[in-house]
Amino acid sequence: MYSSDFIKVNIMKRTFVVIVMLILFLGACKKEDEFNNFLRIRNSLTTVSFTCKVGNVDFGEIKPGVTTDYKVVPQGTSTLSGDLTGTITLPDSLTVDYRFTLSLNADTTLTLTED
């Protein structure tokens, strides 16, 4: 009887080790996290609100003196629409997250800076 119990315990130990190793292996094979461009928009004007979309990402109405929260925006070139028009080009083939601020300055020029 002892040898039968000993064999069962050994099988259980080996099964446990195999399961733990399988879990560790599958965890190591996990897909890399996707990286993104994050953009916020700053309105440096003192009296004028404006609306803005970057690609399909709607930032809504941006009141004077307000900076929006960051939003995930597309990689590469996107069209600005709403009260601001033009294009904006952000990095593609990302290996890290990037954060940018698009500012409408008091002299009504646009600047894009990496934060």
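In what follows, the structure referred to is the one given above.
Residues numbered from 1 in each chain as written. Predicted model: local features only at pLDDT ≥ 70, side-chain atom pairs only at ≥ 80, totals over all residues. Heavy atoms only, no water.

Section: the pattern of salt bridges
And step 1. A full pass over the atoms with the stated rule returns 1 salt bridge.
And step 2. Salt-bridge contacts for D115 lead to R40; the nearest nitrogen and oxygen are separated by 3.5 Å. Note that D115 is positioned in the segment after β8 (110-114) and R40 in strand β1 (residues 37-43), a separation of 75 residues in sequence.
And step 3. For D115, a relative accessible area of 45% corresponds to the partly exposed category. (Salt bridge = Lys/Arg side-chain N within 4 Å of Asp/Glu carboxyl O. Helix = DSSP H or I, 4+ residues; strand = E, 2+ residues; numbered from the N terminus. Buried < 20%, exposed > 50% of the residue type's maximum accessible area, 1.4 Å probe, protein only.)

Considering the sheet that holds strand β4 (residues 71-73)
Within a beta sheet, neighbouring strands are joined by backbone hydrogen bonds and run either parallel or antiparallel to one another.
And step 1. With respect to topology, 4 strands assemble into an open sheet ordered β4-β1-β7-β8, the strand pairing being mixed. The sheet is open, and its two edges are formed by β4 and β8, each paired on a single side. Neighbour to neighbour, the strand axes of the sheet diverge by 35° on average, direction disregarded.
And step 2. Across 3 bridges, β1 lies against β4 in antiparallel orientation. (Pairing = 2+ DSSP bridges. Axes fitted to C-alpha atoms, helices over the stretch in contact; angles between N-to-C directions.)

Re unusual backbone geometry
And step 1. Positive phi, normally seen in glycine, also occurs at T108, with a value near 65°.
And step 2. Topologically, T108 is positioned in the loop between β7 (98-104) and β8.

Looking at the sheet that holds strand β6 (residues 86-90)
And step 1. Spatial strand order, β3-β2-β5-β6: 4 strands in an open sheet with antiparallel pairing. Each end of this open sheet is capped by a strand with a single partner; those strands are β3 (57-62) and β6. Geometrically, the sheet is characterised by an average inter-axis angle of 25° between neighbouring strands, direction not taken into account.

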